[in-house]
Structure formats: structure tokens, C-alpha cells
Amino acid sequence: MAPLRVLELYSGIGGLHCGLTESGVSAEVVAAVDVNTTANEVYKHNFPNTPLWPKTIEGISLEDLDSLTFDMILMSPPCQPFTRIGLQGDVSDPRAKSFLYILEILPRLQKRPRYILLENVKGFETSEAREALTRTLESCGYIYQEFLLSPPCLGIPNSRLRYFLIAKLQGERFSFQTTINILEGFPRSHTPQLDSSGTAVRLESNLHTDQESVSHKQCPEGAILYKLETAEQLERKLTQDNDGSVQTLQDFLEENVEVGQHLLPTKSLLRYALILDIVKPTCRRSTCFTKGYGHYVEGTGSVLQAATDVEISAVYKSLETLSEEEKLTKLSTLKLRYFTPREIANLHGFPAEFGFPDKITTKQRYRLLGNSLNVHIVAKLISLLLQNTV
Ligand code: SAH
């Protein structure tokens, strides 16, 4: 069979392309489209033979798209319009324009692609954009399945809960029983697993806790609440660290990191000490790395305790009673550092040969990685999408 012709929209640094390669499917990206010049430099560096179109998606004509004759679309539209913390302008937000253009073009293509994969932030599932997407897919004759997936479901110690949709043209079937419910794990096997009602799909893993699905329990015995976190948050962290189905962070760390070069600045230490999410190499969790990582501290991703022999509780105990200087001396013993861009790429599942051109700054790397996605999840979804095609 001829390789599948794939169109990669909002290609960024090529996380979807890496997922496609990892899936082992015989395919060729016939065009990657993105307007961001920095992202495009990284993309070109890694995929020098892929045609890269540095333009806006809404600037591509129907004729140009038709001439590509692609079999598959992979896309991760910009998430701002759909985030809960964003403006929530949804489809009226100008940033949703290119996505609406794709929905408008799809029915008009000479040859509709057989396969579609879309990635977005959690929150998309309740947006008007999602309504418009599923309406278009149905009217164009697609069947689809939606997911909310986070890397721990593949044993990766990083939270990154994202919405995914895979769709294929009717006439082809999925290898599992589709459901209108959003799946929170991968279907277990190639054959449908029906429950007594005949609809539910059993999942490989839906046990992993994520920020969005917290169980409310009492403070675990012996735990000390020394930081600004609730008993539930602490309980969740302990549960995650004890989940043997997830790898430890040390498997993803670079060897010989110059700790001094990645330490948190003293200003951040003092200001954010109580809200930092601190993890050790032996932990089996880390919070979602966002584009502000390494620059802003609050809520942008975990920091790593490089001094593993120091007890964090001993450092935090009675911290408030100390002078700034004493506080800093104490906090410094933890050697809190940022994860390096390479380590975040490792957690995202980018292959070892993936790299950045030298001139891309560390801040730019964090930013690009913060916008990217987990490659292993994409690879698995592409395999699932292509399985059992008739
Ligand atoms: N999946 C990508 C990240 C996508 S982030 C990765 O792995 O890196 C969304 C991307 O959409 C950004 O790179 C942004 O530059 C691009 N983008 C946003 N609006 C666009 C438009 N109208 N046309 C083309 N690209 C756009």
C-alpha cells in the first residue's frame, strides 16, 4: 500500500509528526503548516525533508488543499479560545477563525481525508467549537471517538490532561466499540468489550488520578501539611508516588546536568516557596509543563529537588518564623532546579534524536514544549485509528 499522505496543521515543533513516526504507520507528511517562525525553525531542523508552509491556515486556498490529496489530517488548533482560564470567547474569538475555516473547507474538498486526529486542551469538550466540529464530521460522513487522556495512563510521570478526537470516514470501522462518552483511557483490546448494557467500553486504565478528578479523602496518616496545599492535594500526590504502574522521574532526567545553571532564582524561592510543586527523582508524578515554565513560577510545572538527601519537611517546618536570609539559606539546601527542556521533551515522549537549533533560547524551548503534546499518546491513538480498517 502506498504511504498515507498526511497534512499536519498547527504543526509547531512537530509533536504530531513524531507521534506518526512512532506509530509505525507507513505515512508521509505532505505539508506541515504553522505561522510561528521559531516553531518552524525547530520543525525544519528535525524534519528537513517535509514541506513546511509558513503561513496562516485560513490563507490556504481550497485548490491548494485539493492538490495535496491527503488521506489524513493531524491538528492541534490553538487552545486559548477554549481554555477555562482564557477569555472563553470560544468560536467568536478571532483565534478560532482558522479552525472554523477548516470546518468550512472539509465538506468542500474533492476528496475527504479518511482519517482525522485532533488534540486540544481539556475544556474543548464543552465548547461551541467542539459542537461545530462534531456537527461537521457527522454531516461529512465520519464516525469518531473522543478521549480525555493524560500521560500517566501510559506509565509516564507527567500530568497533561488533553482532549483528543479520532475520526474516520464511514465505511471503515473502529477496532473497538465507539461510545458517545468521552473515554478516559485506551480501549483494552482490538475486539469490542461490551458490558451487560452493550455500550460501555472497558478501559486499559482509568485509575490514574489527575488534577481534574480528585477523590476527596481525609489527610493521610502521618502527613504534614507544611505548604499551601490541601489534604486532598497531598493525598493525591502520595497516591501518585505509590502507583507502581508509572515510571519514576529519574528515567527521564539528563545525566550530568549542571545544577547551578538551572537553579530557581532566589527571588522566586522566597516569593513562591509555599506554592512550588516540588518533586524528587524518585517521584512518579509531575505537573503539566506550560509555556511559561522557567520564567513564571506559579502553576507552570513542577520543580526538581536536586539535593535528594535533604528532608523537605525539615526545611519547611517553621519557615515562616525565619528572617528572609535564614529562609533562603534553608530553602537553598534543597537545590531546587527547573527541569531542562530536554527532560521535558523526554517526558513528552520526543525521541532522543529530536533537537533544537543552537540559536533557540532556553526560554523559547520551554515555550514551544509547553505548547506541544505527548508523543506516545498520539502514536497510540494513530495506531488505534488505523486498526481494523476495512
Ligand atoms: N502540536 C504542536 C503545537 C501546536 S500549538 C507541537 O507539537 O508543537 C498551536 C500552533 O498553532 C502554534 O505553533 C501556532 O503558531 C499555530 N497557529 C495558531 N494559529 C494559526 C493559524 N491561523 N495558522 C497557522 N498556524 C497557527
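Quick notes on the rules
- Residues numbered from 1 in each chain as written.
- Predicted model: local features only at pLDDT ≥ 70, side-chain atom pairs only at ≥ 80, totals over all residues.
- Heavy atoms only, no water.
- Phe/Tyr/Trp six-rings, centres within 6.5 Å; stacked < 30°, edge-to-face > 60°.
- Buried < 20%, exposed > 50% of the residue type's maximum accessible area, 1.4 Å probe, protein only.
- Lys NZ or Arg CZ within 6 Å of the ring centre and 35° of its normal.
- Helix = DSSP H or I, 4+ residues; strand = E, 2+ residues; numbered from the N terminus.
- Pairing = 2+ DSSP bridges.
- Contact = heavy atoms within 4.5 Å.
- Polar contact = N/O pair within 3.5 Å; in protein donor to acceptor, adjacent residues only side chain to side chain.

Asks: Would you mind going over the packing of aromatic side chains with me for this structure?
Replies: Note on aromatic pairs: each is described by the distance of the centres and the angle between the planes. Here the structure, examined in full by the defined rule, presents eleven aromatic pairs. On the basis of an interplanar angle of 75° and a centroid distance of 4.9 Å, the ring pair of Phe289 and Tyr293 is categorised as edge-to-face. You can call Phe289 buried: its relative accessible area is 1%. Here the aromatic residues Phe289, Tyr293, Tyr338, Phe339 and Tyr366 are joined through ring pairs into a cluster of three or more. Sitting over the face of the ring of Phe174, Lys168 holds its NZ or CZ atom 4.8 Å from the ring centroid. The ring of Phe186 carries the charged tip of Lys380 above its face, separated from the ring centre by 5.0 Å.

Asks: How should the pairing of strand β7 (residues 162–169) be read in this particular structure?
Replies: Two faces belong to every sheet, and in a regular strand the side chains alternate between them. Burial of β7 is extensive: eight of the eight residues sit out of reach of the surface. The alternating pattern of β7 places Arg162, Phe164, Ile166 and Lys168 on one face and Tyr163, Leu165, Ala167 and Leu169 on the opposite face, and all of these are buried. With seven bridges connecting them, strand β5 (residues 115–121) and β7 associate as antiparallel partners. Looking at β7, one finds that Ile116 is bridged to Ala167. Pairing of strand β6 (residues 142–149) with β7 involves eight bridges; the strand directions are antiparallel. Bridge pairing in β7 links Leu149 to Arg162.

Asks: When you look at helix α4 (residues 97–105) in this model, what are you seeing that I'm missing?
Replies: Residues spaced three or four apart along an α-helix point in a common direction, a consequence of the helix completing one turn every 3.6 residues. The complete set of buried residues in α4 reads Ser98, Phe99, Tyr101, Ile102, Leu103 and Ile105. Where the residues of α4 are buried, they touch β1 (4–9), α3 (62–68), β4 (72–75), β5 and α5 (128–139).

Asks: What exactly am I supposed to notice about the side chain of Thr134 here?
Replies: Position of Thr134 relative to the elements: it lies in helix α5. On the basis of relative accessibility, which here comes to 6%, the residue Thr134 falls in the buried class. Among the polar contacts made by the side chain of Thr134, one reaches the main-chain carbonyl oxygen of Glu131 at a distance of 3.1 Å.

These figures capture arrangement, not role.
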